[in-house]
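These are the residues of each chain, in order.
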Amino acid sequence: MALVSQSDISAEINEITESYHRGGLDEAQPRLDYPPYRSSVLRHPKAQLHQTDPESIELWAPCFGERDVAEHESDLTIQHTAEPIGERIVVTGRVVDGDGRPVRHQLVEIWQANAAGRYRHLRDQHPAPLDPNFTGVGRCLTDADGTYRFTTIKPGPYPWRNHHNAWRPAHIHFSLFGTEFTQRMITQMYFPGDPLFAFDPIYQSITDAKARERLVATYDHDVTTHEWATGYRWDIVLTGSLRTPTEA
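A short tour of the structure in this document, coming up. (Residues numbered from 1 in each chain as written. Predicted model: local features only at pLDDT ≥ 70, side-chain atom pairs only at ≥ 80, totals over all residues. Heavy atoms only, no water.)

Here we take up the side chain of Arg88. Summarising the element assignment, Arg88 is placed in strand E1 (residues 88-96). In contact with Arg88, other than residues within four places in its own chain, are Thr77, Glu83, Thr151, Thr152, Ile153, Trp228, Ala229 and Thr230. (Helix = DSSP H or I, 4+ residues; strand = E, 2+ residues; numbered from the N terminus. Contact = heavy atoms within 4.5 Å.)

This part takes up the pattern of salt bridges. According to the stated counting rule, one finds seven salt bridges in the structure shown. In this structure, the salt-bridge partner of Arg101 is Asp97, at a minimum N-O distance of 2.7 Å. For Arg101, a relative accessible area of 48% corresponds to the partly exposed category. In this structure, Arg233 and Asp220 form a salt bridge, with 2.9 Å as the shortest nitrogen-oxygen distance. (Salt bridge = Lys/Arg side-chain N within 4 Å of Asp/Glu carboxyl O. Buried < 20%, exposed > 50% of the residue type's maximum accessible area, 1.4 Å probe, protein only.)

Spatially, four strands are ordered E3-E2-E7-E8 in an open sheet, and the strand pairing comes out antiparallel. Looking along the sheet, the strands with just one partner apiece sit at the ends: strand E3 (137-141) and strand E8 (185-190). Adjacent strand axes in the sheet meet at a mean angle of 25 degrees, parallel and antiparallel pairs treated alike. Taken together, the five bridges between strand E2 (residues 107-111) and E3 define a ladder with antiparallel strand orientation. Following the sheet pairing, Glu109 is matched in E3 by Arg139. (Pairing = 2+ DSSP bridges. Axes fitted to C-alpha atoms, helices over the stretch in contact; angles between N-to-C directions.)

Structure below.
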């Protein structure tokens, strides 16, 4: 089952085009121009979009197969010679369409900061320690029920210089590729009860409160394992009125 059909892609393109011209007024999705988020005005096209043939794009894009994704890649705590520092967590959920049907065997990738709130990236130079045993990236394929599962470390908040005393809530980035790279969708998952929600322009750029809540995972005691890891559940809905907000 593909992530979205060809007709869904065309509809999404039309919707995005209209959203650009409206200034991004779909309240259930992030606003394209949101003044508190200073770089938002630089993150989307200003001119009319040009539709292209997805199949021709795919001839120049990388591709992957199910055999390219190893089972251990979903565990971010075993990628180095020792265990990373921080709270071990399990994050799981289902990828479904607007009717609740599972989206099977689709590539899900994540990336995140470490427990101190720092990415292993040259552009991240804020004075928090790097963890030599934590890279912060992982991937998996959804199973026959559309379920994904990652073992990782709970990320810390970090400063991002958007405004005075700007701190991002703890979050994990998610990327879903479908069966073609033209279908890629990117979003973020947050943790419940974070006091930084009210101060984060990226989170608040989704002005519909119910839509914002769909980005917040739920603590799940059944996913939590004894003396090993706390568990969180977060489902991703790709279409319909209750779809998960994504980055345009």
